[in-house]
Amino acid sequence: MTNVTQWMSWEGGIDLVAVTNPNLQMPNVIVHLAHMVHTPAGSAPSGMILWQPDSNAMPAVMGFVSTDETIGAYFGPHIFADTPFEHAPVLKASFDMHITATSAKATCITNGYVFEVEMSDFSAPYLIERKPAAMPPFYQQGVEMHARKVILKINGAVIDIIIPPVGISGGPASVVSPNGVYAR
């Protein structure tokens, strides 16, 4: 039996992993946001953003986003330890999220950028139970719906993205997740 010592759960999650160039080997777009995230440190709207428009330069935005910096600071050392995100900064952010049975829209404002993700054309909901891997190094459980139509806007401009069939979580790279948990 595995003892859980570090965990986070969420309500109303929107997850997108993409590239803006088919030649890129690693994603240069990650937008993981949740209406509410619960941790042992407390609860707040939170997530993670990576936006690296120039793959030869440092990311324009990279870090854990939250309305509460204490909650944002929990993710790196407790959930994403031993990954490139372990020491990611915490960025204060605002969130506006709306999820229905047929569509989802999330807006996150942080670090001088406005990220908008719209998702629709969902699969039927399904349960996930993924074991730890090199990335991500934690257990995952929850409910997901694959979003087959996605629009990403950054500062009002539509960004052309390519969504790989599998994201860094091991499932589809564009999902709406009504609820779930990561645990180590």
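Our structure's up above, just so we're on the same page.
Treat the numbers as computed from the prediction; the structure is a model and nothing was measured. (Residues numbered from 1 in each chain as written. Predicted model: local features only at pLDDT ≥ 70, side-chain atom pairs only at ≥ 80, totals over all residues. Heavy atoms only, no water.)

Novice: I'd like a description of the layout of surface pockets, backed by residues and values.
Specialist: Roughly 250 Å³ of internal volume is contained in the largest pocket. If you trace the largest pocket, you find it lined by Met26, Pro27, Ile30, Leu50, Gln52, Pro59, Met62, Pro84, Phe85, Met135 and Ile168. Within the lining of the largest pocket, the residues separate by chemical class into 10 nonpolar, 1 polar and no charged. (1 Å grid on protein atoms, 1.4 Å probe; cavity = no way out; pocket = protein on both sides within 12 Å on 5 of 7 lines; lining within 4 Å. Points joined across faces, edges and corners; volume = space filled by probe spheres on them. Nonpolar A, V, L, I, M, F, W, Y, C, P; charged D, E, K, R; others polar.)

Novice: Which residues make up the pattern of salt bridges, and what values go with them?
Specialist: By the definition in use, this model includes 5 salt bridges. Across the salt bridge formed by Arg184 and Asp82, the nearest N and O atoms sit 3.8 Å from each other. Here Arg184 is found in the segment after β11 (174-183), whereas its partner Asp82 is found in the loop between α1 (69-78) and β5 (90-99), with 102 residues between them in sequence. Glu118 is paired through a salt bridge with Lys153; the nearest N and O atoms lie 3.9 Å apart. Of this pair, Glu118 sits in strand β7 (residues 113-122) while Lys153 is found in strand β9 (residues 139-154), placing the two residues 35 residues apart along the sequence. (Salt bridge = Lys/Arg side-chain N within 4 Å of Asp/Glu carboxyl O. Helix = DSSP H or I, 4+ residues; strand = E, 2+ residues; numbered from the N terminus.)

Novice: Go over the packing of aromatic side chains, please, and point to the residues and values.
Specialist: Any pair of aromatic rings gets described here by the distance separating the centres and the angle formed by the planes. As enumerated under the stated definition, the model contains 7 aromatic pairs in all. Judged by centre distance (5.4 Å) and plane angle (40 degrees), the rings of Phe64 and Phe80 are tilted. Of this pair, Phe64 sits in strand β4 (residues 61-66) while Phe80 sits in the loop between α1 and β5, and the two are 16 residues apart along the sequence. We classify Phe64 as buried; its relative accessible area is 2%. Cluster of aromatic residues (ring-pair linked, three or more members): Trp10, Phe64, Phe75, Phe80, Phe85, Phe138 and Tyr182. (Phe/Tyr/Trp six-rings, centres within 6.5 Å; stacked < 30°, edge-to-face > 60°. Buried < 20%, exposed > 50% of the residue type's maximum accessible area, 1.4 Å probe, protein only.)

Novice: Break down the side chain of Ser9 for me, citing the residues and quoting the values.
Specialist: Tracing the backbone through its elements, the reader meets Ser9 in strand β1 (residues 7-18). Accessibility expressed as a relative area gives 19% for Ser9, which makes it buried. Among all residues touching Ser9, those that are not within four sequence positions of it are Met36, Val37, His38, Gly180 and Val181. (Contact = heavy atoms within 4.5 Å.)

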